[in-house]
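An overview of the molecular structure
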Amino acid sequence: KLRGEVSCGMLCSGGELGHPELDEIDGILELQENAPVGMDAMAYLGLADTVLDCKAYANRPDCLSVVGVAREAAAAMDVPFRMPEIAVKEEGAGRVEDHVSVTVEAPDLCPRYMARVFTDIHIEPSPLWMQKCLRSAGMRPINNLVDITNYVMLELGQPLHAFDLSQIRGNRIVVRRAGEGASIRTLDGKDRALEPEMLVIADGEGPVALAGVMGGENSEIEPTTRAVMLESAKFMPASVRATSRALGLRTEASARYEKGIDIVGVERALNRAA
């Protein structure tokens, strides 16, 4: 019975299905074509599980990831620990440099910056299992590309950022200080005036991201995106912390960068996402 009436079929909202993680879904939740008829919805959506809520102190940034918690648990309980297997299959002609150049002008604030380029991309919803993992961690699924970057960040602790390659002006990326009079409209739709010492990711004309904090609206992934540059980098904690605090902008990425990330993990996460 639903509202006192017997119903053998009903279109239900996320809230009516009785799970808080489904409340944010706008409109009717569309299931995949192979969804088994009659199966419990919570089990099918992967929401009938247990979520561990762990608190990581400032001196343990490694525990801001599933791998970090698993490594700690394995050591504490003397059980085997296994890293995710990473095997990248590179296809197509050319190199990253054929699509975009990368220059680091502030190595004191960014000791390592890596990028990969992907072409023939199709933006669509990510698989339900990935959406489920993100929702369980309190993150909203967006699309397959952005969801992959968030999934790898949660898994390995390394923030990633994807740029629409067609929006990178001058086909160049420069990691530098913002300089005088710089500004950027971030992904949350707000225009932000930047201080000269803030570290930014710029293209040939101006900032396209706040390093370690948030990307810019002028290079975000759109449904029409077909080529992507994926960034993985080590930004110094003090720089990210100062930018985040000055702008009142705290994100999942800045929370990890400002505590410090493993410089060796930069390449690992980039390859994992690939």
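Residue numbering note: each chain is counted from 1, following its sequence as written. Totals for whole chains, interfaces and linings use every residue, but because this is a predicted model, local features are given only for residues with pLDDT of at least 70 and side-chain atom pairs only at 80 or more, for both listing and counting. Side-chain descriptors were evaluated using all non-hydrogen atoms of the structure, hydrogens and water having been removed beforehand.

A look at the nonpolar core
The nonpolar side chains of a soluble globular protein tend to be buried, and buried together. Only buried residues count toward a nonpolar core, which is a set of Ala, Val, Leu, Ile, Met, Phe, Trp, Tyr and Cys residues joined through side-chain atoms within 4.5 Å. Burial classes: relative accessible area under 20% of the type maximum marks a residue as buried, over 50% as exposed, and values in between as partly exposed (1.4 Å probe, protein chains only). Judged by nonpolar contacts, the single largest core of 36 residues is most densely connected at Tyr113, Leu194, Ile201 and Phe235. Going through the elements one at a time, strand 2 (112–118), strand 4 (172–177), strand 7 (199–202), strand 8 (207–210), strand 10 (228–234), helix 5 (237–247) and helix 6 (252–257) are the ones with two or more residues in this core. Top element by residues in this core is strand 7. It accounts for four residues. Contact partners of Phe235, with chain neighbours within four places excluded, come to Leu109, Cys110, Tyr113, Val175, Leu199, Ile201, Ala211, Gly212, Val240 and Tyr257. The next biggest cluster of nonpolar side chains, apart from the first, holds 17 residues, and it includes Met114, Ile123, Leu160 and Ala269. A run of H or I in DSSP counts as a helix once it spans at least four residues, and a run of E counts as a strand once it spans at least two, with each numbered from the N terminus. Two residues qualify as a contact provided that any one of their heavy atoms is within 4.5 Å of a heavy atom in the partner residue.

Concerning the pattern of salt bridges
Throughout this description, the term salt bridge denotes a Lys or Arg side-chain nitrogen within 4 Å of a carboxyl oxygen of Asp or Glu. For the structure on display, the rule yields 16 salt bridges. For Asp203, the salt bridge identified is with Arg169, shortest N-O distance 2.6 Å. Taken together, the residues span a long stretch of sequence, with Asp203 in the loop between strand 7 and strand 8 and Arg169 in the loop between strand 3 (160–164) and strand 4 at a distance of 34 residues. With a closest N to O distance of 2.9 Å, Arg185 and Asp191 form a salt bridge.

Regarding the packing of aromatic side chains
Aromatic contacts are taken between Phe, Tyr and Trp rings whose centres are within 6.5 Å, Trp giving its six-membered ring; a plane angle under 30 degrees counts as stacked, one over 60 as edge-to-face, and the others as tilted. Overall, the coordinates contain two aromatic pairs when judged by the stated rule. When the ring of Trp129 is compared with that of Tyr151, the centres are 5.5 Å apart and the planes differ by 85 degrees; the resulting orientation is edge-to-face. Within this pair, whereas Trp129 is found in helix 3 (residues 128–136), its partner Tyr151 is found in helix 4 (residues 144–156), the two being separated by 22 residues in sequence. Given the relative accessible area of 49%, Trp129 is considered partly exposed. Looking at Tyr151, the relative accessible area reads 21%, which means it is partly exposed. Seen in terms of ring centroids, Phe235 and Tyr257 are 5.1 Å apart; in terms of plane orientation they differ by 55 degrees. Their pairing is tilted. With a gap of 22 residues between them, Phe235 in the loop between strand 10 and helix 5 and Tyr257 in helix 6 connect regions that are remote in the sequence. With respect to class, Phe235 is no different from Tyr257; both count as buried.

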